[in-house]
Amino acid sequence: MGRQDDPRAGYIAVATRQFAAQGYHGTSLAALAREAGVSKQALLHFFSTKERLYAEVLAALATRQCEGIEAAARPDPAEHLLAYFQGLREAALERPEDARLVVRALLDSHEGARVWPMKDYLDRLVALVRQTQDGRDLPEAAALARVFSVIGAIQYLAISAPALSGMYGKDAADRVAAEFDGLMAGALAGVGAAR
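Conventions we followed
Residues numbered from 1 in each chain as written. Predicted model: local features only at pLDDT ≥ 70, side-chain atom pairs only at ≥ 80, totals over all residues. Heavy atoms only, no water. 1 Å grid on protein atoms, 1.4 Å probe; cavity = no way out; pocket = protein on both sides within 12 Å on 5 of 7 lines; lining within 4 Å. Points joined across faces, edges and corners; volume = space filled by probe spheres on them. Helix = DSSP H or I, 4+ residues; strand = E, 2+ residues; numbered from the N terminus. Nonpolar A, V, L, I, M, F, W, Y, C, P; charged D, E, K, R; others polar. Core = buried A, V, L, I, M, F, W, Y, C linked by side-chain atoms within 4.5 Å. Buried < 20%, exposed > 50% of the residue type's maximum accessible area, 1.4 Å probe, protein only. Polar contact = N/O pair within 3.5 Å; in protein donor to acceptor, adjacent residues only side chain to side chain.

Peer 1: Could you clarify how one ought to interpret the layout of surface pockets in this entry?
Peer 2: Using a probe with the size of a water molecule, rolled over the atoms, empty space left in the structure can be pinpointed. Within this model, the largest pocket holds a volume of roughly 1100 Å³. In this structure, the largest pocket is lined by 41 residues; those nearest its centre are Leu58, Ala105, Ser109, Pro117 and Met118. Contributing elements (two or more residues each) for the lining of the largest pocket: α4 (50–71), α5 (77–94), α6 (96–108), α7 (119–131) and α8 (140–168). When residues in the lining of the largest pocket are grouped by element, the largest group, nine residues, is from α4. Its residues assigned to classes, the lining of the largest pocket comprises 24 nonpolar, nine polar and eight charged.

See the structure below:
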């Protein structure tokens, strides 16, 4: 990585890649420091523990996701959701480590966790669903289930893209990604984002 103007951001980028690839438990401070080109003590100087570094990685992910929601803003909540999820699909294919990181974070989580960085992100999406004409009367759990189904499909597509390319070729994988938008529009009808 080398020294930058903002070493903290560089360390978070390295940690994002490693936590996405190997999860919290499969990533060591020594491996993070080696890739960053610094000592473990340098990482600990900025973050004090591996757990705090992981929390910052997840908080940065949640911030990117929330910024995506804001960037997709439309006057109509249904159109806003559709634009957001289309953007999420594009971003997930361009930056699959985010999709992997979410899955790793879910696998590494337990009910007694002290911090849930993705909660605000999910709450914002649920609020959008419940602002749509079809979502106004949905209980919160039903709206959250619909959000999960769309996010899960997008993450699966992103995580599977390399295997799909390997099995069927890049052209076929690109066609599947293009077809996915049509399927996603149908799925979004269930969250009030497509008519």
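Peer 1: Is there a simple way to think about the nonpolar core in this case?
Peer 2: What tends to happen in soluble globular proteins is that the nonpolar side chains get buried as a cluster. Membership of the largest hydrophobic core comes to 51 residues, with the highest contact counts inside it found for Phe19, Phe85, Tyr121 and Leu125. With eight residues, α4 is the largest single contributor of residues to this core.

Peer 1: Hey, could you run me through the environment of Ser160 in this one?
Peer 2: Among the secondary structure elements, Ser160 is positioned in helix α8. Classification of Ser160 by relative accessible area gives partly exposed; the value is 22%. Engagement of the side chain of Ser160 in a polar contact is seen with the backbone oxygen of Tyr156, the distance being 2.7 Å.

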